[in-house]
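Take a look at the letters that make up each chain.
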Amino acid sequence: MLTAARELATDQGADALSMRAVARRLGVAPNALYSHVASRTDLVDQLLDDVLAGIRTPEPGADPEAGIEMIMTSTYRTLTAHPELVPLYLQRQGARGPNAIALGEVLDALLARAGVDEVPDARRALIVHAIGFAAFAGSDVLPADMPVTAFSKSLRWLLAGMTKAPAPRPGRGPSQRCLDDG
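What comes next is a walk through the structure. (Residues numbered from 1 in each chain as written. Predicted model: local features only at pLDDT ≥ 70, side-chain atom pairs only at ≥ 80, totals over all residues. Heavy atoms only, no water.)

## Quick word on helix α7 (residues 98–113)
And then number 1: Compared with the 22 Å implied by 1.5 Å per residue over 16 residues, the 23 Å span of α7 between its first and last C-alpha is a close match.
And then number 2: G115 sits one or two positions beyond α7 and adopts a positive phi of about 90 degrees. (Helix = DSSP H or I, 4+ residues; strand = E, 2+ residues; numbered from the N terminus. Expected span 1.5 Å × (residues − 1).)

## Examining the side chain of S74
And then number 1: Locating S74 in the fold gives a position in helix α5 (residues 64–81).
And then number 2: Looking at S74, its side chain comes within polar contact range of the main-chain nitrogen of R56, at 2.8 Å.
And then number 3: In this view, S74 contacts G54, I55 and R56; residues no more than four positions away in its chain are not counted. (Polar contact = N/O pair within 3.5 Å; in protein donor to acceptor, adjacent residues only side chain to side chain. Contact = heavy atoms within 4.5 Å.)

## A few points about the packing of aromatic side chains
And then number 1: The full count for this structure, using the stated rule, is 3 aromatic pairs.
And then number 2: Taking 5.6 Å as the distance between ring centres and 75 degrees as the angle between the ring planes, the aromatic pair formed by F133 and F151 counts as edge-to-face. Of this pair, F133 sits in helix α8 (residues 119–136) while F151 sits in helix α9 (residues 147–163), and the two are 18 residues apart along the sequence.
And then number 3: F151 gets classed as buried once you look at its relative accessible area, which sits at 0%.
And then number 4: One aromatic cluster is present, built from ring pairs that chain together Y76, F133 and F151. (Phe/Tyr/Trp six-rings, centres within 6.5 Å; stacked < 30°, edge-to-face > 60°. Buried < 20%, exposed > 50% of the residue type's maximum accessible area, 1.4 Å probe, protein only.)

## Some words on the nonpolar core
The nonpolar side chains of a soluble globular protein tend to be buried with one another.
And then number 1: Ranked by size, the top nonpolar core spans 47 residues in total, and within it I68, M72, L111 and L126 carry the most contacts.
And then number 2: Setting aside residues up to four positions removed in sequence, L126 forms contacts with I68, M72, L107, L111, L155, L158, L159 and M162. (Core = buried A, V, L, I, M, F, W, Y, C linked by side-chain atoms within 4.5 Å.)

## Things to note about the packing of α5 against α7
And then number 1: At a minimum axis distance of 8 Å, the contact between α5 and α7 shows a crossing angle of 150 degrees. As for how α5 packs across α7, the hand of that crossing is left-handed. In contact with P64, G67, I68, I71 and M72 of α5, α7 contributes V106, L107, L110, L111 and R113. (Axes fitted to C-alpha atoms, helices over the stretch in contact; angles between N-to-C directions. Left-handed = near helix turned anticlockwise from the far one by under 90°.)

## A short note on the environment of G54
And then number 1: Along the chain, G54 turns up in the loop between α4 (40–52) and α5.
And then number 2: The class of G54 is exposed, set by a relative accessible area of 53%.
And then number 3: Here G54 is in contact with S74 and T78, once residues within four sequence places are set aside.

## Looking at helix α2 (residues 19–26)
And then number 1: Within α2, the full set of buried residues consists of M19, A21, V22 and A23.
And then number 2: Buried residues along α2 sit in contact with α1 (2–12), α3 (30–33) and α4.

## Here's the deal with the packing of α7 against α8
And then number 1: For the pair α7 and α8, the least separation of the axes is 10 Å and the interaxial angle reads 120 degrees. Crossing handedness for the pair α7 and α8: right-handed. Where α7 abuts α8, its residues G104, L107, D108, L111 and A112 lie against V119, A122, R123 and L126.
And then number 2: Grouping the constituent residues of the contact of α7 with α8 by class yields 6 nonpolar, 1 polar and 2 charged. (Nonpolar A, V, L, I, M, F, W, Y, C, P; charged D, E, K, R; others polar.)

This is the structure:
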């Protein structure tokens, strides 16, 4: 069923993905699908999660920043290998299945080991970054020969910002106290 759904999205675009269309492709009645998935949303979530099974993860104990870069670069490459599914990742704001959960746990552990304070927010920013870049890959925004290089460079910028001590907020750091005392 997931293969049929992926083929349908590839052939006709993500908008064509419906329970009826998948059933037609499989040669079964639409209600036959409901013994395998609860709804179109469930079908989409399973399809998106299935693609995430191919994302590379680092060995335990790997350098956290290198591990984060490996996961996110693999995520970007996986998304660009399935451009027909990128609109679905955008609509669903990521994926929710067991592969997504496992990747999230690995990413969270790496972010924590890298010294990131706000791990859930950092994970979300990295995922949005990968999906956003994949959405623009091959467009006028990112020419075909540029996306991997631009993605890697901007990913390193994000990681550098996430792993540094946060800048003091106005009115809270020592420089503000000096101004107030002067």
